[in-house]
Amino acid sequence: MGQKHFLCLSFTLCFIVSLSPLIYSHPPIYNFPVGQLNQNFYASSCPFLLNIVRYRVWSALRDDSRMAASLLRLHFHDCIVNGCDASVLLDDKEDFTGEKNSPANHNSLRGFEVIDSIKEDLERFCPSTVSCADILTLAARDAVVLVGGTDWPVPLGRRDATTASQSAVLEQIPSPFDSLQNNIAKFASKGLDLKDVVVLSGGHTLGFANCLIIKGRIFDFKGTGKPDPTLESSFLAYLQSICPNGDTANSNFAPLDSSPASFDNSYFTNLRNNAGLLESDRALMGNPQTAALVESYSINPSRFSNDFAASMYKLGNVGVLTGENGEIRRKCRSVN
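Please read all numbers here as calculations on a predicted model, not as lab measurements. (Residues numbered from 1 in each chain as written. Predicted model: local features only at pLDDT ≥ 70, side-chain atom pairs only at ≥ 80, totals over all residues. Heavy atoms only, no water.)

## Side note on the state of the cysteines
Link 1 in the chain: Taken as a whole, this structure holds four disulfides when the rule is applied.
Link 2 in the chain: Two residues, Cys 79 and Cys 84, share a disulfide whose sulfurs are 2.0 Å apart. Here Cys 79 and Cys 84 share a disulfide; its torsion about the S-S bond, 120°, makes the bridge right-handed. Comparing Cys 79 with Cys 84, the two get one shared label, buried.
Link 3 in the chain: Residue Cys 132 pairs covalently with Cys 332 via a disulfide, S to S 2.1 Å. (Disulfide = S-S within 2.5 Å. Buried < 20%, exposed > 50% of the residue type's maximum accessible area, 1.4 Å probe, protein only.)

In structure tokens, the structure reads:
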């Protein structure tokens, strides 16, 4: 690498400039409407945006291998509830109850401090310019790329919500306990189709689930007093060993697939072998159309990677605020 001559405003900026330009090799642009968003939205107003985000995400993953899954999940939980508007980042106040402490999010979502660190850097170098919604979308993309996933283009120009709704979380987020039909309907309400349901479920190739979520399935499936009979026997024994029956194990974690720190297609291979962790994972094998997609992705990792990138592109453009709508928050945890 050739020697660089520049004024170092901080270690972060020195680091990212010395790496600049990073290579972002996107698949072809997808033919989905993105309204007023475009990839060059901050080209003049915040030219180091992409490098700052990727550096901070890389630093977070270096310190915590679970963070890739956490940032991906944080982005999904934001977008699937009233659109990609960073409403999930808002803290509760005396006169305001947002999304963070809903049953689906409380003590479950992680990575808020990573978004905070990115925002703090950006407020130093390009104040009141980059939205928290754009930061969250970029961070999820970079997290996936840094653990082996396929890159995808992220059009920018989202603005941040000035409110949030806990009731909307209960109504709109797909549940690991819901029927496949209900979850398909929730995706469809966001403009996401059945293929997107399967592909985005493949995000479970990363991360872990709390044992409390799966205890019923491995010990008392639907009130039978017995485990889910579809679980492969050695996988069931493994789950019962790390999530033993009893409240003391509720805070333990089980991996969502056999390689929880790497983006690959093992999630689908596991499903074919009756070793999917969540009830919503298992449900994909009970429908001929979704089961066929699981089969295809289990034998063709490249197809899964490409389709995942396309579905994430669609997800990132659900219900975005642009133009004069919303605001650019100075701090992601509170409105201006």
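## As for the UniProt feature "active site" (unreviewed entry) in the protein
Link 1 in the chain: When the UniProt feature table is mapped to this numbering, "active site" (unreviewed entry) covers His 77.
Link 2 in the chain: Mapped onto the secondary structure, His 77 falls in helix α3 (residues 67-79).
Link 3 in the chain: Given a relative accessible area of 6%, His 77 falls into the buried group.
Link 4 in the chain: Once residues within four sequence positions are removed from consideration, His 77 is found in contact with Glu 99, Ala 104, Asn 105, Leu 109 and Ile 173. (UniProt positions renumbered as here; feature names shortened; annotations may be inferred. Helix = DSSP H or I, 4+ residues; strand = E, 2+ residues; numbered from the N terminus. Contact = heavy atoms within 4.5 Å.)

## Remarks on the UniProt feature "binding site: Ca(2+) 1" (unreviewed entry) in the protein
Link 1 in the chain: Per the UniProt record, "binding site: Ca(2+) 1" (unreviewed entry) is annotated on Asp 78, Val 81, Gly 83, Asp 85, Ser 87 and Glu 99. The largest pairwise C-alpha distance within this set of annotated residues, which runs over 22 residues, is 12.8 Å, so the set is compact in three dimensions.
Link 2 in the chain: Structurally, Asp 85 is set in the loop between α3 and α4 (112-125).
Link 3 in the chain: One can find Ser 87 in the loop between α3 and α4.
Link 4 in the chain: The contact partners of Ser 87, leaving out residues within four places of it in the chain, are Asp 78, Val 81, Glu 99, Ala 161, Thr 163, Ala 164 and Arg 329.

## What about the pattern of salt bridges?
Link 1 in the chain: This model, assessed by the stated rule, comprises 21 salt bridges.
Link 2 in the chain: One salt bridge in this structure joins Arg 62 and Asp 63, with 3.3 Å as the shortest N-O distance. The two residues Arg 62 and Asp 63 agree in class, both being exposed.
Link 3 in the chain: For the salt bridge of Arg 333 with Asp 91, the shortest nitrogen-to-oxygen distance reads 3.6 Å. One end of the pair, Arg 333, is in the segment after α14 (301-315); the other, Asp 91, is in the loop between α3 and α4, and 242 residues separate them in sequence.
Link 4 in the chain: The exposure class of Arg 333 is partly exposed, given its relative accessible area of 29%.
Link 5 in the chain: On the accessibility criterion, Asp 91 (28% relative accessible area) is partly exposed. (Salt bridge = Lys/Arg side-chain N within 4 Å of Asp/Glu carboxyl O.)

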